[in-house]
Amino acid sequence: SVVDNIPPMLTGFLDTTLVCEVLPITPPPAVADICSGIASPPVLVSEIIDNPGCGDTYTKILTWESTDVCGNVGQLLQNVQVLDSVPPVLVGVPADATVACNQVPPPPPTGAITGTDNCDEDVDITFVEPIIRDPDPASCAYLTNYTIRREWTVEDNCNNSRTYTQI
């Protein structure tokens, strides 16, 4: 009497790291069954998200499973590390300029500067506009020569950020 209690072997996948879950197109794992030689094609039976971080950084555990004609089930676990480590970018930040006192252009209106990110579709943009003056308020330079430093900071939901300036 021959008894088959050996599950099929699944091979072919390595753990991998991806940016923003851009899954590569790969064939399913290879299946070999020692006793019958016949096994069903592998099926992705479960997907578990582990260590959820910022929403775009986590580990996805995929369980591939195959069953032979005797009902033995073989499994292959694949860990897919999904990362978001790239800061977003801004479009529309004006160039630096030197102007006369009465010709300081206003900052661009809200919405004129836009942000994009490789993972996050809704980035946060903050704006500050400190004025840098001569430290002596009684000096002529305090009133006539000063610098406006406009800063736009864009941040995604994984706290990747980048700051742009206009002087």
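Residues numbered from 1 in each chain as written. Predicted model: local features only at pLDDT ≥ 70, side-chain atom pairs only at ≥ 80, totals over all residues. Heavy atoms only, no water.

1. Observations regarding unusual backbone geometry
Logical step 1: Phi at Asn 159 takes a positive value of approximately 65 degrees, unusual for a residue other than glycine.
Logical step 2: Looking at Asn 159, the relative accessible area reads 60%, which means it is exposed. (Buried < 20%, exposed > 50% of the residue type's maximum accessible area, 1.4 Å probe, protein only.)

2. Here we look at the state of the cysteines
Logical step 1: According to the stated counting rule, one finds two disulfides in the structure shown.
Logical step 2: Covalently, Cys 20 is tied to Cys 119 through a disulfide, its sulfur atoms 1.3 Å apart. Sign of the S-S torsion, about -55 degrees for the bond between Cys 20 and Cys 119, identifies this disulfide as left-handed. Here Cys 20 is found in the loop between strand S2 (16-19) and strand S3 (30-32), whereas its partner Cys 119 is found in the loop between strand S8 (114-116) and strand S9 (124-128), with 99 residues between them in sequence.
Logical step 3: For Cys 54, the disulfide goes to Cys 158, at an S-S distance of 1.5 Å. With the S-S dihedral at roughly 50 degrees, the linkage between Cys 54 and Cys 158 falls on the right-handed side. With Cys 54 in the loop between strand S4 (43-50) and strand S5 (58-67) and Cys 158 in the loop between strand S12 (150-155) and strand S13 (161-166), this residue pair connects regions lying 104 residues apart in the sequence. (Disulfide = S-S within 2.5 Å. Helix = DSSP H or I, 4+ residues; strand = E, 2+ residues; numbered from the N terminus.)

3. Observations regarding the sheet that holds S2
Logical step 1: Taking strand neighbours across the sheet as the criterion, the four strands line up as S2-S6-S5-S4 in an open arrangement whose pairing is mixed. The sheet is open, and its two borders are formed by S2 and S4, each paired with just one other strand. With direction set aside, neighbouring strand axes in the sheet form an average angle of 25 degrees.
Logical step 2: One ladder, built from four bridges, connects S2 with strand S6 (residues 73-83); its direction is parallel. Its bridge partner lying in S6, Leu 18 is registered against Val 82. (Pairing = 2+ DSSP bridges. Axes fitted to C-alpha atoms, helices over the stretch in contact; angles between N-to-C directions.)

4. Quick word on the sheet that holds S12
Logical step 1: With respect to topology, three strands assemble into an open sheet ordered S9-S12-S13, the strand pairing being antiparallel. Edge positions in the sheet fall to S9 and S13, since each has one partner strand and no second. Taking each pair of neighbouring strands and ignoring which way they run, the sheet shows an average axis angle of 20 degrees.
Logical step 2: Of the pairings in the sheet, the one linking S12 to S13 comprises six bridges and is antiparallel in character. Looking across to S13, one finds that Glu 151 is bridged to Thr 165.

5. A look at the side chain of Asn 160
Logical step 1: One can find Asn 160 in the loop between S12 and S13.
Logical step 2: Judged by relative accessible area, Asn 160 falls into the buried class, the value being 15%.
Logical step 3: For Asn 160, the side chain forms a polar contact with the main-chain oxygen of Asp 84, separated by 3.0 Å.
Logical step 4: Not counting chain neighbours up to four residues away, the residues in contact with Asn 160 comprise Asp 84, Ser 85, Val 86, Pro 87, Pro 88, Val 154 and Glu 155. (Polar contact = N/O pair within 3.5 Å; in protein donor to acceptor, adjacent residues only side chain to side chain. Contact = heavy atoms within 4.5 Å.)

6. Section: the pattern of salt bridges
Oppositely charged side chains are able to pair whenever their charged atoms sit close together.
Logical step 1: The full count for this structure, using the stated rule, is three salt bridges.
Logical step 2: One salt bridge in this structure joins Lys 60 and Glu 47, with 3.5 Å as the shortest N-O distance. With Lys 60 in strand S5 and Glu 47 in strand S4, this pair connects stretches of sequence that are 13 residues apart.
Logical step 3: For Arg 150, the salt bridge identified is with Glu 129, shortest N-O distance 2.4 Å. With Arg 150 in strand S12 and Glu 129 in the loop between S9 and strand S10 (131-132), this pair connects stretches of sequence that are 21 residues apart.
Logical step 4: Among the residues examined, Arg 150 registers a relative accessible area of 5% and is labelled buried.
Logical step 5: Given the relative accessible area of 33%, Glu 129 is considered partly exposed. (Salt bridge = Lys/Arg side-chain N within 4 Å of Asp/Glu carboxyl O.)

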